[in-house]
Amino acid sequence: MEKLEMMYEGKAKKVYKTDSPDCYWVEYKDDATAFNGQKKGTIDNKGIVNNKVSSVFFKLMESKGIPTHFVELVNDREMIVKALQIIKVEVVVRNIVAGTLAKRVGLPEGTILPKTVLEYYYKDDDLGDPLINASHIAALELATPEQMNYIKDIALKVNDIMREFLAPVNIDLIDFKLEFGLHKGQVILGDEISPDTCRFWDKTTGEKLDKDRFRRDLGNVEGAYQEVLRRLTGEE
């Protein structure tokens, strides 16, 4: 497959057209942003880690019958994906209180939620990706009720699969973000699943192994990302 002109550059990835109308070529960047782009920096080899970790999770989901946009890895930093019409609803799945949820509901970080929480955010950088509900989604015609029911079911299944997969490598899945899109009329899982989009904590120590190390200036950001990759693949 041939890589053609760049069609989009986001905060974490560059997306290129290919010689197939059904596929895009994605390059993962080392650039890091937080707080809706207010904080910017670079995490060495972040793009490599996120590309490889995402491929692990996408392959896992496909093996469990969950359709994703993943096609194949090209190299350490790039992958081929199916072309998607992105649904402008970001889905956040929360198992343990952290981040903005702690501020919103007044519970301390680390509080285990008795029931998994699903949140929806309007995917719009200019608006700061605001929290929305099912009524907003319907009014803005972002997705149909049938699509949202499917997305909800898939998000909860992904949560179960990831928690079971991460338990043996001593990682707690605190929360994570998913994005979906339409490919030939079918809703499938897109974007990435990585330390950029998930909160991973060591089960024993509670050490953060994700982007919070960058957000909060905790240090050893690169080491935390590499540790996730090592635990998932054995790669140093």
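Cut-off values and rules
Residues numbered from 1 in each chain as written. Predicted model: local features only at pLDDT ≥ 70, side-chain atom pairs only at ≥ 80, totals over all residues. Heavy atoms only, no water. Pairing = 2+ DSSP bridges. Helix = DSSP H or I, 4+ residues; strand = E, 2+ residues; numbered from the N terminus. Axes fitted to C-alpha atoms, helices over the stretch in contact; angles between N-to-C directions. Buried < 20%, exposed > 50% of the residue type's maximum accessible area, 1.4 Å probe, protein only.

**Thoughts on the sheet that holds strand S1 (residues 3-9)**
Logical step 1: Strands sit in the order S1-S2-S3-S7-S6 across an open sheet of five strands; the sheet is antiparallel. Edge positions in the open sheet fall to S1 and strand S6 (70-73), since each of these has one partner strand only. Taken over all neighbouring pairs, the strand axes of this sheet differ in orientation by 30° on average, direction set aside.
Logical step 2: When S6 meets strand S7 (residues 78-82), the two strands line up antiparallel, connected through three bridges. Looking at S7, one finds that Leu73 is bridged to Met79.

**A look at the pairing of S7**
The two faces of the sheet receive side chains in turn, since in a regular strand these alternate between them.
Logical step 1: Counted residue by residue, S7 has four buried out of five residues, so it is predominantly covered.
Logical step 2: In this sheet, S7 lies alongside strand S3 (residues 23-28) in antiparallel orientation, the contact comprising five bridges. Bridging from a neighbouring strand, Val26 pairs with Met79 of S7.
Logical step 3: Taking the residues between adjacent antiparallel strands as the criterion, S6 and S7 are bridged by four residues.

From the geometry alone we can't say anything about function, so treat these as descriptive.
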